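Structural overview for review
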Amino acid sequence: MLSFNVLDDLREARQVLDNYLSLPGTRSSIEEAISIMATSLKQRGKIISAGNGGSMCDALHFAEELSGRYRDHRPSYAAIAIADPSHLTCAGNDYGFDEVFSRFIEGVGFEGDVFLGISTSGNSRNIIRACEVCKDKGLKSICLLGKDGGKLRELCDLPLIVPHTGYADRIQEVHTMIIHIMIRGIEEMMAN
């Protein structure tokens, strides 16, 4: 017998999504993120995504859906997640874990590219450093965040915040929905 009610977990997940949907600007901020990313791709830019733990999995998921395919056959889009173990361990060893994403952006990020950072706390130091480098290099930064948005709320160009103070899994569930919507929107804008 489980120590928790499965239906209560599903109800909580629904409540977190409902809370996000009720925020003013939810639709417009997602649509703005889609427009920023599609515009970059149309101008031969790329999207670089990153996160820690489960958020790294979300960053990988986002990039592979764009470079591979989502729902229908179409051209591959320039998207990459910062997840190369040799880069992460080299940069982490030589510069510290806070610099693993920023070092990558320093090397392969260029003005006109877009960075998608994912942090359920809004305070992941390596995502913060990546956004700082984006500002220096002229990349737009979009962040999927949780809780109150943390330090990244003010640092990135476009924060998308899922306001939940409980466990990060509920935030990540909504992040996954947003990611799928962004991919679908990018595909539609690229086709036009």
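The present account deals with the structure reproduced in this document. (Residues numbered from 1 in each chain as written. Predicted model: local features only at pLDDT ≥ 70, side-chain atom pairs only at ≥ 80, totals over all residues. Heavy atoms only, no water.)

Moving on, we get to the packing of helix α2 (residues 26-42) against helix α8 (residues 168-191). Helix packing for two helices is described by the angle between their axes and how far apart those axes are. At a minimum axis distance of 9 Å, the contact between α2 and α8 shows a crossing angle of 45°. In terms of their interaxial angle, α2 and α8 are classed as oblique. As for how α2 packs across α8, the hand of that crossing is right-handed. In this structure, α2 contributes Ile30, Ala33, Ile34, Ser35, Met37, Ala38, Leu41 and Lys42 to the contact, and α8 contributes Ile178, Ile181, Met182, Gly185, Ile186, Met189 and Met190. Looking at the contact of α2 with α8 residue by residue, the class counts come to 12 nonpolar, two polar and one charged. (Axes fitted to C-alpha atoms, helices over the stretch in contact; angles between N-to-C directions. Helix = DSSP H or I, 4+ residues; strand = E, 2+ residues; numbered from the N terminus. Parallel < 35°, antiparallel > 145°, perpendicular 65-115°, else oblique. Left-handed = near helix turned anticlockwise from the far one by under 90°. Contact = heavy atoms within 4.5 Å. Nonpolar A, V, L, I, M, F, W, Y, C, P; charged D, E, K, R; others polar.)

What follows is about helix α4 (residues 85-95). All of the buried residues along α4 are His87, Leu88 and Ala91. An end-on view of α4 places all buried positions within 95° of arc, on one side of the element. Turned more than 90 degrees away from the buried face of α4, the exposed residues are Pro85, Thr89 and Asn93. Of the residues trailing α4, Gly96 is marked for its positive phi of about 100°. (Buried < 20%, exposed > 50% of the residue type's maximum accessible area, 1.4 Å probe, protein only. Arc of directions from axis to C-beta.)

Turning our eyes to something else, we now look at the pattern of salt bridges. All told, the structure shown has 11 salt bridges when counted by the stated rule. Here Arg11 and Asp8 are joined by a salt bridge, their closest N and O atoms 3.1 Å apart. Of the two residues, Arg11 and Asp8 are both situated in helix α1 (residues 6-21); the distance of three residues between them amounts to about one turn of the helix. Taking relative accessible area as the criterion, Asp8 reaches 44% and is therefore assigned partly exposed. A salt bridge links Asp9 to Arg170, with the nearest nitrogen and oxygen atoms 3.0 Å apart. Residue Asp9 is located in helix α1, and its partner Arg170 is located in helix α8; the two are separated by 161 residues in the primary sequence. Classification of Asp9 as partly exposed rests on a relative accessible area of 31%. The network of salt bridges with common partners includes Asp9, Glu12, Arg170 and Glu173. (Salt bridge = Lys/Arg side-chain N within 4 Å of Asp/Glu carboxyl O.)

Turning to the state of the cysteines, a few remarks are in order. What the rule picks out here adds up to zero disulfides. The closest cysteine sulfur to the non-disulfide-bonded Cys134 is located on Cys131, 5.6 Å from its own sulfur. Note on Cys134: relative accessible area 1%, which makes it buried. Not part of a disulfide, Cys143 finds its nearest cysteine sulfur in Cys131, a span of 3.7 Å. (Disulfide = S-S within 2.5 Å.)

Another aspect to go through is the sheet that holds strand β5 (residues 158-162). The five strands lie next to each other as β2-β1-β3-β4-β5, forming an open sheet whose pairing is parallel. The strands lining the two open edges of the sheet, one partner per strand, are β2 (79-81) and β5. With direction set aside, neighbouring strand axes in the sheet form an average angle of 15°. As defined by bridge partners, strand β1 (residues 47-51) adjoins strand β3 (residues 114-119) across five bridges and the pair is classed as parallel. (Pairing = 2+ DSSP bridges.)

Attention now goes to the environment of Ser49. Tracing the sequence through the fold places Ser49 in strand β1. Here Ser49 falls in the buried class, since its relative accessible area comes to 1%. For Ser49, the residues in contact, after removing those within four places along its chain, are Ala59, Phe62, Ala63, Ile80, Ala81, Ile82, Phe115 and Leu116. At a separation of 2.9 Å, a polar atom in the side chain of Ser49 contacts the main-chain carbonyl oxygen of Ala59. (Polar contact = N/O pair within 3.5 Å; in protein donor to acceptor, adjacent residues only side chain to side chain.)

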